[in-house]
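# Commentary on secondary and tertiary structure
One letter stands for each residue in the lines below.
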Amino acid sequence: MSYRTVVMYMEIGCFIVCVFGWILVCSTMPTEIWTWSEVDSIVLTTSNYFSNLWKDCISDSTGVSDCKGIPSMLALNWDIHMCRALIIISIILAFFGSVLVLVGMKCTKVGGSEIVNARVTFAGGMNYLIGGLCSMTAFSYYGNKIRAEFQDPNYKAQKFEIGVGVFIGWGGSTLLVVGGLIYSIFAGREGFDSSPKKYPDYQLPKDYRSVATKKSIASVAITATSYGRKSRTTTSDSIGSRISEITSTTSTSATNAYV
């Protein structure tokens, strides 16, 4: 199995994991039981209080429940606003991360070249990772607040325990962080690899491998000069011998004619 096939299957698996994590984080928004508390009034009646970031609810042992939305946003504490904002940001980032990953995955063949697809996948993985960290921060802060109030002996108000919504949020955030981290590692290594390409070394001819020095240049110049002189001498000797041959031939023909 080739490396590209392994990466393709890894991308499909991480996409499924991240989508499940995104669905779990989204499901915590309508979930009413982020905190819950049980109060025994009499033997036959038990009241259950539970709430989330948006409303407070109460139910009794007879099955009757009633919920009331938080009347004023400005009257809320800053930590509730922070948790709301972080979870909404996480949902939005994970949604756009899914879109980017679908475009950049190797199995969809929607993008351009392999490098462009890897960079798009890296961007989607970073959206997953940042979204998972945002939601993890919100759920962890909210859960730690409930724990601190429950264990504080000086806290006189009604104490609550951590509800199922926070645990679901922790699970979904973990899936987003793990999937986004794997996407970022593999796609970032492929899309932003700065190592130079390995080409075979070019072998120079033997005549060009030695470095010219002053001695070699001088010897080459002397050789060229002596060769030029020899060629000129040889040329002049051949011309002289040719002239002497012509002169001897001319004199011989003239003597024959005179006779």
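Residues numbered from 1 in each chain as written. Predicted model: local features only at pLDDT ≥ 70, side-chain atom pairs only at ≥ 80, totals over all residues. Heavy atoms only, no water.

Looking up the chain in an unreviewed UniProt entry gives the name Claudin, with the organism given as Pagothenia borchgrevinki. According to the UniProt record, the Sequence similarities (unreviewed entry) comment for the chain reads "Belongs to the claudin family." (UniProt positions renumbered as here; feature names shortened; annotations may be inferred.)

### Quick look at the overall build of the chain
Along its length, the chain carries five helices and five strands. Secondary structure elements of the chain, listed N to C terminal, follow the sequence α-β-β-β-β-α-α-β-α-α. The burial tally for the chain puts 28% of its 259 residues in the buried class. The long-range fraction of contacts in the chain, counting pairs at least 24 apart against all pairs at least 6 apart in sequence, stands at 65%. Looking at the chain as shown, the accessible area adds up to about 17,100 Å², and 66% of this sits on carbon and sulfur atoms. (Helix = DSSP H or I, 4+ residues; strand = E, 2+ residues; numbered from the N terminus. Buried < 20%, exposed > 50% of the residue type's maximum accessible area, 1.4 Å probe, protein only. Contact = heavy atoms within 4.5 Å. Areas by Shrake-Rupley, 256 points an atom, 1.4 Å probe, with all protein chains shown as cover.)

### Let's talk about helix 1 (residues 3-27)
Taking 1.5 Å per residue, 25 residues should reach 36 Å; helix 1 reaches 36 Å between its end C-alpha atoms and fits that length. Among the residues of helix 1, those classed as buried are Val 7, Met 8, Met 10, Glu 11, Cys 14, Phe 15, Cys 18, Gly 21 and Val 25. Close packing links the buried residues of helix 1 with helix 2 (78-104), helix 3 (114-151) and helix 4 (164-191). (Expected span 1.5 Å × (residues − 1).)

### Description of the environment of Tyr 49
Following the sequence through the fold, Tyr 49 ends up in strand 2 (residues 46-51). The partly exposed category is assigned to Tyr 49, whose relative accessible area is 29%. In sequence terms Tyr 49 and Asp 66 are 17 residues apart; their C-alpha atoms lie 9.9 Å from each other. Leave out the neighbours within four places in its chain, and Tyr 49 touches Thr 35, Trp 36, Ser 37, Val 39, Cys 57, Ile 58, Gln 158 and Phe 160.

### Some words on the pairing of strand 3 (residues 55-60)
For a regular strand, side chains alternate in direction, first toward one face of the sheet and then toward the other. Strand direction decides the pairing type here: strand 3 and strand 4 (residues 65-69), joined by five bridges, are antiparallel. Residue pairing for strand 4: Cys 57 is matched across the bridge by Cys 67. What sits between strand 3 and strand 4 in their antiparallel hairpin is a turn of four residues, with Gly 63 showing a positive phi close to 95 degrees. (Pairing = 2+ DSSP bridges.)

### Points about the state of the cysteines
Taken as a whole and judged by the stated rule, the model has one disulfide. The disulfide bridge from Cys 57 ends at Cys 67, spanning 2.0 Å between sulfur atoms. Handedness of the Cys 57-Cys 67 disulfide follows from its S-S torsion of about 110 degrees: it is right-handed. A residue pair is termed long-range when its members are at least 10 positions apart, and Cys 57 in strand 3 and Cys 67 in strand 4 qualify at 10 residues. By relative accessible area, which is 33% here, Cys 67 ends up partly exposed. We note that Cys 14 lacks a disulfide partner, and the nearest cysteine sulfur, in Cys 18, lies 6.2 Å from it. (Disulfide = S-S within 2.5 Å.)

### So, the environment of Trp 54
Residue position: Trp 54 is located in the loop between strand 2 and strand 3. For the pair Trp 54 and Thr 31, spaced 23 residues apart in the sequence, the C-alpha separation amounts to 9.9 Å. Excluding anything up to four places from it in sequence, Trp 54 contacts Met 29, Gly 69, Ile 70, Arg 84 and Ile 88.

### Looking at the side chain of Glu 11
With respect to the element layout, Glu 11 can be found in helix 1. Note on Glu 11: relative accessible area 5%, which makes it buried. If sequence neighbours within four positions are ignored, Glu 11 has contacts with Met 105, Lys 106, Thr 121 and Tyr 183.

### Points about the nonpolar core
In this structure, Trp 34, Leu 53, Ile 87, Tyr 128, Tyr 142 and Tyr 183 are the most contacted members of the largest nonpolar core, which totals 27 residues. When residues of this core are traced back to their parent elements, those giving at least two are helix 1, helix 2, helix 3 and helix 4. Sorting elements by how many residues they give to this core places helix 2 first, with seven residues. If we ignore the near neighbours within four places in the chain, the residues touching Tyr 142 are Trp 34, Thr 35, Ser 51, Asn 52, Leu 53, Ile 80, Cys 83 and Val 166. (Core = buried A, V, L, I, M, F, W, Y, C linked by side-chain atoms within 4.5 Å.)

### Section: the packing of helix 1 against helix 3
Look at helix 1 against helix 3: their axes get within 12 Å of each other, and the N-to-C directions meet at 30 degrees. Regarding the angle of helix 1 to helix 3, the classification is roughly parallel. As helix 1 runs across helix 3, the sense of the crossing is left-handed. Within the contact between the two elements, helix 1 uses Arg 4, Glu 11, Phe 15, Cys 18, Val 19 and Val 25 and helix 3 uses Glu 114, Thr 121, Tyr 128 and Ser 135. (Axes fitted to C-alpha atoms, helices over the stretch in contact; angles between N-to-C directions. Parallel < 35°, antiparallel > 145°, perpendicular 65-115°, else oblique. Left-handed = near helix turned anticlockwise from the far one by under 90°.)

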